[in-house]
Amino acid sequence: MTTGTLQDFAYRIEDLRISYGDHQVIHGIDLTIEKNEVTALIGPSGCGKSTFLKALNGMVRTTSNATWSGTIEWNGKNMIQENVDPLELRQKVGMVFQKPKPFPKSIYENVAFGPKIHGVKKKDIPEIVEQTLRDAYLFDEVKDRLHESALGLSGGQQQRLCIARALATSPDILLMDEPTSALDPLSTIAVEELILKLKEKYTVVLVTHQMEQAARISDSTAFFLMGELIEFNRTDALFQNPKSQQTEDYITGRFG
Ligand SMILES: Nc1ncnc2c1ncn2[C@@H]1O[C@H](COP(=O)(O)OP(=O)(O)OP(=O)(O)O)[C@@H](O)[C@H]1O
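Computed from a predicted model, the values in this text were never measured in an experiment.

*Asks:* I tried to follow the overall build of the chain on my own but got confused; where do I start?
*Replies:* Scanning the chain for helices and strands turns up 10 helices and 10 strands. The C-alpha radius of gyration computed for the chain amounts to 18 Å, which stays within 12% of the reference 18 Å derived for 256 residues, consistent with globular compactness. Seen along its three principal axes, the alpha-carbon backbone of the chain occupies a region of about 55 × 40 × 35 Å. A burial count over the chain gives 41% of its 256 residues as buried.

Spelled out as structure tokens, the structure:
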């Protein structure tokens, strides 16, 4: 594999296997994640969706009881076999979690934190903060209170701030682990609309328990069951005409 090759995909995954101690939880997954699309990961609790996401941002490497094998080609390298700079990975692959957890600092400082760590010049930071808050469709709501605590924002605003924080280091990819599960319906719609806009600039991989959400906002959907990839297809095709009986049972609510 040549370093720096321009890829037309965000990730190419081949025969990915992951274990925690003796417990294998991902069983040989092959999947290509396209750039500038939303890829949804669905499946019942414990099927390995979060573990798969942790593989994509390299967190499996630093999880003490975890081992992995296979190929995750990202940015011209197999991140399982080859040395990938953890700082580069953290800058290029942003992560958004289930519960919004802004730092107990001002709105401004939350967004400025990443660029500061990555060595952006002090004079450039105000512009980055403003642009990133605009990209997260939050700027107009917070422009008069940038230096007030982020903890004073609503849950939905806090989640959009966490998305802004992830965007502030100019990533290519955003990994989102159930980003709306702690939000009320209106905030959920705001975050879903944001995700749809983000794919113009970013690749989004989204773990969701809400089938309607996958159907509404993703381009492709992967259905996981007990650590195996049962079906991966364009979202419309997967929901309208599932090829596997297990997919059909899951999306029609017969289990999970
Ligand atoms: N650090 C860990 N050590 C040991 N086992 C783990 C660890 N993290 C996850 N597991 C186990 O790996 C399996 C897959 O978990 P994972 O969190 O990836 O599933 P999930 O599909 O994201 O579940 P959920 O939808 O409930 O979040 C589960 O059996 C879980 O208990």
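Next comes the rest of the description.
*Asks:* Please clarify how the sheet that holds strand β6 (residues 93–96) should be interpreted in this entry.
*Replies:* Pairing between the strands of a sheet comes from backbone hydrogen bonds, and it takes one of two forms, parallel or antiparallel. In space, the six strands of this open sheet follow the order β6-β7-β8-β3-β9-β10, with mixed pairing throughout. Among the strands making up the open sheet, the edge pair consists of β6 and β10 (228–234). With strand direction ignored, the average angle separating the axes of adjacent strands in the sheet is 15°. In this sheet, strand β9 (residues 220–225) lies alongside strand β3 (residues 38–42) in parallel orientation, the contact comprising four bridges. Note on β9: the bridge partner recorded for Thr39 is Ser220.

*Asks:* Where do I start with the pairing of strand β4 (residues 66–74) in this structure?
*Replies:* Consecutive residues of a regular strand have side chains that alternate between opposite faces of the sheet. Two elements, strand β1 (residues 9–20) and β4, share seven bridges in a ladder whose sense is antiparallel. Among the inter-strand pairings, Ile13 is bridged to a residue of β4, identified as Ile72. Counting the residues in the hairpin turn of β4 and strand β5 (residues 77–78) gives two residues, including Asn75, whose phi is positive at 55°.

*Asks:* Hey, could you run me through the sheet that holds strand β2 (residues 23–34) in this one?
*Replies:* If you trace the four strands from one edge of the open sheet to the other, you get β2-β1-β4-β5, paired in antiparallel fashion. Every interior strand has two partners, whereas the edge strands, β2 and β5, have only one. This element, helix α1 (residues 49–56), spans β1, β2 and β4 of the sheet and lies at about 120° to β1.

*Asks:* Even after reading the chapter, I still don't get the environment of Ala150, so can you show me in this structure?
*Replies:* Relative to the assigned elements, Ala150 resides in the loop between α5 (139–142) and α6 (155–167). Accessibility expressed as a C-beta count within 10 Å gives 25 for Ala150, which makes it buried. Sequence spacing of Ala150 and Ser106 is 44 residues, and the spatial spacing of their C-alpha atoms is 5.2 Å.

*Asks:* Please explain the site of the ligand as it appears in this structure.
*Replies:* Neighbouring the ligand are Tyr20, Val25, Gly43, Ser45, Gly46, Cys47, Gly48, Lys49, Ser50, Thr51, Thr63 and Asn65. Ranked by residue count, the leading element in the shell around the ligand is α1, at three residues.

*Asks:* What's the story with the confidence of the model for the chain in this structure? I'm lost.
*Replies:* Should the pLDDT be low somewhere, the predicted coordinates at that spot are not to be read in detail. Of all residues in the chain, 97% have pLDDT values of 70 or greater, and the mean over the chain is 94. Scoring of the predicted complex yields 0.93 for pTM and 0.97 for ipTM.

*Asks:* Got a minute to help me understand the nonpolar core in this structure?
*Replies:* The tendency in soluble globular proteins is for nonpolar side chains to be buried side by side. Leu41, Leu56, Ile72, Ala164, Leu174, Val204 and Leu206 are the most contacted members of the largest nonpolar core, which totals 67 residues. Excluding its chain neighbours within four sequence positions, the residues that come into contact with Ile72 are Tyr11, Ile13, Leu16, Ala55, Leu56, Asn78, Met79 and Ile80.

*Asks:* Just to check I follow, could you spell out the environment of Ala166 for this structure?
*Replies:* Within the secondary structure, Ala166 sits in helix α6. Sequence separation of Ala166 and Asn241 is 75 residues, and the distance between their C-alpha atoms is 35 Å. What Ala166 contacts, discounting residues up to four positions off in sequence, is Gly94, Met95, Val96, Pro171 and Leu174.

*Asks:* Explanation requested: α1 in the structure shown.
*Replies:* Because an α-helix packs 3.6 residues into every turn, residues spaced three or four apart end up facing the same way. The element α1 is extensively covered by neighbouring structure, given that seven of its eight residues are classed as buried. Taken together, the buried positions of α1 are Lys49, Thr51, Phe52, Leu53, Lys54, Ala55 and Leu56. After α1 finishes, the residue Gly58 shows a positive phi value of roughly 80°.

*Asks:* I keep staring at helix α3 (residues 107–117) and nothing clicks. Help me out?
*Replies:* Those residues of α3 that fall on the buried side of the exposure criterion are Ile107, Asn110, Val111, Ala112, Gly114 and Pro115. Considering only its buried residues, α3 is in contact with α4 (125–135), α5 and α6. Immediately downstream of α3, the backbone of Gly119 shows phi near 80°, a positive value.

*Asks:* Any chance you could explain the packing of α3 against α6 here in plain terms?
*Replies:* When two helices pack together, their arrangement is captured by the angle between the axes and the distance separating the axes. Here α3 crosses α6 at 30°, and the two axes come no closer than 7 Å. In terms of orientation, α3 lies roughly parallel with respect to α6. Taken as a pair, α3 and α6 cross one another with a handedness that is right-handed. Taking contact as the criterion, the partners of Ile107, Asn110, Val111, Phe113 and Gly114 in α3 are, on α6, Leu161, Ala164 and Arg165.

What counts as what
Residues numbered from 1 in each chain as written. Predicted model: local features only at pLDDT ≥ 70, side-chain atom pairs only at ≥ 80, totals over all residues. Helix = DSSP H or I, 4+ residues; strand = E, 2+ residues; numbered from the N terminus. Rg over C-alpha atoms; globule rule 2.2 N^0.38 Å. Buried ≥ 20, exposed ≤ 12 C-beta atoms within 10 Å, placed from the backbone. Pairing = 2+ DSSP bridges. Axes fitted to C-alpha atoms, helices over the stretch in contact; angles between N-to-C directions. Contact = placed C-beta atoms within 7 Å. Near = placed C-beta within 6 Å. pLDDT = per-residue confidence, 0-100. Core = buried A, V, L, I, M, F, W, Y, C linked by C-beta atoms within 7 Å. Parallel < 35°, antiparallel > 145°, perpendicular 65-115°, else oblique. Left-handed = near helix turned anticlockwise from the far one by under 90°.

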